[in-house]
Amino acid sequence: MSAVDQAKNAEAFLEDTVHEERLDKLLWMGRMRRDAAARQVPEWEELRTLASEIKEHTLSNLSEHLVEFEANATANGVTVHWARDAHEHNQIVYDLLTERNIPTLIKAKSMLTEECELRPFLEARDIRVIETDLGERIQQLDDQPPSHITGPCIHKTTKDVADLFAKNYGSDPNNEDPAYLAGVMRDNTRPEILNAHAGMTGANFVVAETGAIIVVTNEGNADLAANTPPLHIVSVGIEKLVPNMESLAVFIRLLTRSATGESITQYTSTFRGPRKGAAMHVVLVDNGRSARLGMEKFWPSLKCIRCAACMNTCPVYRRSGGLSYGSTYMGPIGIIMMPTADIRKYSELPFASTLNGSCTNVCPVKIDIHEQIYAWREVMEEKGQIQTVKKQAMKVADKVLSSPQLYQIATASVSTALKILPHFAIYNRLNAWGKHRDVPEAASETFHQWYPNHRLKGNEVLGL
Amino acid sequence: MEVALMIPCYIDVFYPQVGIATLELLERLGVDVVYPREQTCCGQPMANSGCYEEARATEEHCARVFGSFKYIVTPSGSCTHHIRNKFTAGADSPEKDNLTRNTYDLVEFLHDVLKVREFPWATFEHKVALHTSCSAIRGLNMASMTERVHDPVFSKPKALLSGVPGLQLVEFDRVDECCGFGGTFSATEEAVAAKMGYDKLAFMQKASPDYIVSSDMSCLMHLQGCARRQKQDIPFLHIAEILNGV
Amino acid sequence: MNSSQSLVREGILGAVHKNQPASRPMPHIPHFGLNDTNDLVALFSQGVARMAGEVITESGPDLDNFVRTRFPNAKVICSAVPECRGTIGPAQLGDWSEASKIDVSIVRSPMGVAETGSVLLSDLELQVNTIAFLSHDLVVLLDPTQIVRNIHDAYLHPHFKARPYSFLMTGPSGSADIGAITVHPAQGVKTLTVVLTADPGAK
């Protein structure tokens, strides 16, 4: 399988100026809202540090906290399952449904279920899956994955959605009013919710001390999916643990402010056990997390609380669109997570970054994102994932640039310099610079040539 | 005070006037400037491409050339950031250790070491849009960043430019959003890089500057390329050229 | 747990235990906001309004009358509080999906949060959880002396350790998924009205 060509996908996205400029503007506004919310909290930086330290404690004691959670949840009447990978997770969910002859599953948003590709697994086995989150439902109807972690269809215009709903629900294609469209969705989804026998949610946090699952939504659809039917299934990655409710408060204060700029979402819910006559099952999923935990440079990526602040601030994401990454998780956090899932497929992602560092400074749990992106580039080289032609060009560059004599010969003429200087000499995109930009003009002489004619010092060879 | 002058490879070839302005400015301020002629490059382009092994020889050469100096000054935030924070491809040595600790970006050197604030010879009666590179802001702490909303606002390049008679700084939106150069990113992801450059220029142009100025010529090289392609003839200057007197 | 699940569980826990980095301690979490002197009721009301809810301070002595006046078209009024009769109570609902026939639900919250404008609700107050989600509108009674300062204070409430289901609700159900414009409702209640009134059952 070849690597995702994020650059090519981004270029295609950029050709659609309407969608690109709109996405850029909307998400930058998200970043500005985050800044405004942070300004309201004088202890913001202290909260970030606390959140980072709580997560580092939890991840470095994860096996103990997992056992603690399991014991407490079980005591509350919850059945806890374990899944090593996506397939095991999907099979457990499938078994829970078929054991009870349940043909339809309503679900709330869960990036983990995207990661596990649960929907196609169930649909191939004749189980209907209905997304209840507005953005996820829109993407489901359009047969597209989510393009952003908190706003799955943020890349779509209101017209795109109006057209999609007209096609699927017979609504008015000329009515782009978001309130009207949300109403169409509500009317069509309400019957599914009422008739469902099983509801699935993800989890934003898992509290070890109380055996609790924490889910955060704007719509309340997770609460609907969990409370209406008599079976509540929770899919959650093992890294979502926090030790107790006291530490949860730190994350709740950071999460929504980082994501949208509001102080909290409409629904911040705690599920600790089933009601009488109902059942609650939690599926704890590994799927590469325990392996990533052992990676010295990359385990801090497991601190992520899925706020997407890094995507909103990333100038590359805003101009590429989330779908350009071809991955479950996108933008800066996606770049440092996805290579652990498939190093070959995602070998180009670490290069979809200018290493500007804005992401690291908005991350509520202080993941050193841009430094991990840089470290992944080195790993790609070590693991032989860098294209041979590019590596060759770099070898030549190093040879020339480590030798004063070769360097001075190469730079004596600008046209030779253009071939040698690595900014330009990248595999077969030699002329890429000039596609949208003018190439810099040649100077009549280099600084190196100018110097001996105008100064005396430093002429001597330093005995090298 | 003796200082070794490091001229980044792309300034050597395309913008020697920036090297000359840096040299003259330092001399004007009484500094004894040495230009080691065996210098080539700091290795950043290869290292940033993940080609760590292919940066080794270049970085080791750089350490040998500059490793005995007490101060190494370069008119480049990105090269300084690389040397100070990411110089790991070459073998450890006392020269490498010395280089990583004693390299300064020109603005840092003027602001923190020489502590110069006035440039009375450098009158510049124009409106300037100042761009500070991501390397300088987040790598060298040369200015505060908008992400950290509670930090006191400061900018070393602005502090220096305030000492230039007649110079007027203009404000513009998204002041610390990346310009899109990003090293080899500008060639490997050139569509995104160009759009970032066009956007940055648009935000700056709204403030009607006469000049666009930065302490990083790599950013300016990229922005100038974007501007000329859009038939904008706004002039670009490195901060060294302004402080030395244009 | 069957034997294959046991094996999977041991496998995962073993891998986690082997790979987890050297233990780092839990930090001490300060009690933020202790010295703030803001008017909690005012702050709370601002938070509710910001999230498109409404705070009522004068509902009059007759809650039934208040509800009927505010929601003149409501036919099914589900009251979970003794101060209001309504037309049905949660006990009259069979399947929890029947709550979809409710026009207005009235419940009492044991705690508000000033920092965010949130109200706490749980299965204890709701009796049938879906009355707070499937109804068209929601009225929440809240004793203004039971408003705490911030989220740190909020999570000290015993419900979070005792109840099988509890949640902080802030404004009515909404979504900004289409064009980043927040609209109401999404899947849940269309309006949220918080009535500040003393809790007759409070000690």
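Digging into the overall build of chain B
Along its length, chain B carries 13 helices and eight strands. The C-alpha radius of gyration of chain B comes to 17 Å, within 12% of the 18 Å expected for a compact globule of 246 residues. With the C-alpha coordinates of chain B rotated into their principal frame, the extents come out at 50 × 45 × 40 Å. Every one of the 246 residues in chain B was classed for burial, and the buried ones make up 63%. Taking as baseline every contact in chain B between residues at least 6 positions apart, the subset at least 24 positions apart corresponds to 76%.

Focus on the overall build of chain A
From N to C terminus, chain A includes 23 helices and ten strands. Within chain A, the proportion of its 464 residues that are buried is 60%. Restricting to contacts in chain A with at least 6 residues of sequence separation, those with at least 24 account for 74%.

Brief notes about the interface of chain B and chain A
With 63 residues of chain B at the interface, the matching set in chain A holds 67 residues. At the level of secondary structure, the elements contributing two or more residues to the side of chain B that touches chain A comprise helix H1 (9–14), helix H2 (16–28), helix H3 (44–48), helix H4 (56–66), helix H8 (134–139), helix H10 (185–188), helix H11 (190–205) and helix H12 (217–229) of chain B. Looking at side-chain class alone, the side of chain B that touches chain A contains 32 nonpolar, 16 polar and 15 charged residues.

Focus: the interface of chain C and chain A
Facing 60 residues of chain C, the contacting portion of chain A comprises 73 residues. Of all the elements in the fold, those that place two or more residues in the side of chain C that touches chain A are helix H1 (3–19), helix H5 (151–154), helix H6 (159–162) and strand E8 (165–169) of chain C. Its residues placed into classes, the side of chain C that touches chain A shows 30 nonpolar, 23 polar and seven charged. As defined by bridge partners, strand E9 (residues 267–271) of chain A adjoins E8 of chain C across five bridges and the pair is classed as antiparallel.

Quick word on the sheet that holds strand E3 (residues 128–131) of chain A
Residue and element names in this part refer to chain A. Strand order in the open sheet made by the six strands is E1-E10-E7-E4-E2-E3, with parallel pairing throughout. What marks the edges here is a single partner per strand, and that holds for strand E1 (78–83) and E3. Across the sheet, the mean angle separating the axes of adjacent strands is 25° when strand polarity is ignored.

Re the nonpolar core
Ranked by size, the top nonpolar core spans 281 residues in total, and within it Ile-213, Leu-248, Phe-251, Leu-284 and Cys-310 of chain A together with Val-73 of chain B carry the most contacts. Tallying contributions element by element places helix H12 (residues 245–259) of chain A first for this core, with nine residues. Sequence-distant contacts of Leu-248 of chain A, defined by excluding residues within four places in its chain, comprise Phe-205, Val-207, Ile-214 and Val-242 of chain A together with Tyr-155 of chain C.

Focus: helix H1 (residues 6–15) of chain A
Of all the residues in H1 of chain A, the buried ones are Gln-6, Ala-7, Ala-10, Glu-11, Phe-13 and Leu-14 of chain A. One side of H1 of chain A carries all its buried residues, which in axial view fall inside an arc of 160°. Tucked inside the fold, the buried residues of H1 of chain A contact helix H2 (17–39) and helix H15 (315–320) of chain A together with H10 and H11 of chain B.

Considering the pairing of E9 of chain A
Burial of E9 of chain A is extensive: five of the five residues sit out of reach of the surface. Burial along E9 of chain A is two-sided: Tyr-267, Ser-269 and Phe-271 of chain A facing one way and Thr-268 and Thr-270 of chain A facing the other are all buried.

Some details on the domain arrangement of chain A
Partitioning chain A into structural domains gives domain 1 (1–39 + 301–386), domain 2 (41–287) and domain 3 (388–453). Distance from the C-alpha centre of domain 2 of chain A to the C-alpha centre of domain 3 of chain A: 52 Å.

As for the pairing of strand E7 (residues 231–237) of chain A
Walk down a regular strand and you will see the side chains alternate between the two sheet faces. Residue and element names in this part refer to chain A. Within E7, seven of the seven residues are buried, which leaves it mostly tucked inside the rest of the structure. Alignment of strand E4 (residues 199–201) against E7, held across three bridges, turns out to be parallel. Of the residues in E7, the one forming a bridge with Met-200 is Ile-233. Taken together, the seven bridges between E7 and strand E10 (residues 279–285) define a ladder with parallel strand orientation. Bridging from a neighbouring strand, Ser-235 pairs with Val-283 of E10.

Some details on the domain arrangement of chain B
Residue and element names in this part refer to chain B. When cut into domains, chain B gives domain 1 (2–113) and domain 2 (127–244). In this structure, domain 1 and domain 2 have C-alpha centres spaced 21 Å apart. Of the residues lining the interface, 27 residues belong to domain 1; the matching set on domain 2 comes to 23 residues. Breaking the side of domain 1 that touches domain 2 down by element, the ones donating at least two residues are H1, H2, H3, helix H5 (77–85) and helix H7 (106–113). Considering each element in turn, the side of domain 1 that touches domain 2 owes the most residues, six residues, to H2. When grouped by side-chain class, the residues that make up the side of domain 1 that touches domain 2 number twelve nonpolar, twelve polar and three charged.

Conventions and cut-offs
- Residues numbered from 1 in each chain as written.
- Chains lettered and ligands numbered in written order.
- Predicted model: local features only at pLDDT ≥ 70, side-chain atom pairs only at ≥ 80, totals over all residues.
- Helix = DSSP H or I, 4+ residues; strand = E, 2+ residues; numbered from the N terminus.
- Rg over C-alpha atoms; globule rule 2.2 N^0.38 Å.
- Buried ≥ 20, exposed ≤ 12 C-beta atoms within 10 Å, placed from the backbone.
- Contact = placed C-beta atoms within 7 Å.
- Nonpolar A, V, L, I, M, F, W, Y, C, P; charged D, E, K, R; others polar.
- Pairing = 2+ DSSP bridges.
- Axes fitted to C-alpha atoms, helices over the stretch in contact; angles between N-to-C directions.
- Core = buried A, V, L, I, M, F, W, Y, C linked by C-beta atoms within 7 Å.
- Arc of directions from axis to C-beta.
- Domains from an automatic or database assignment.

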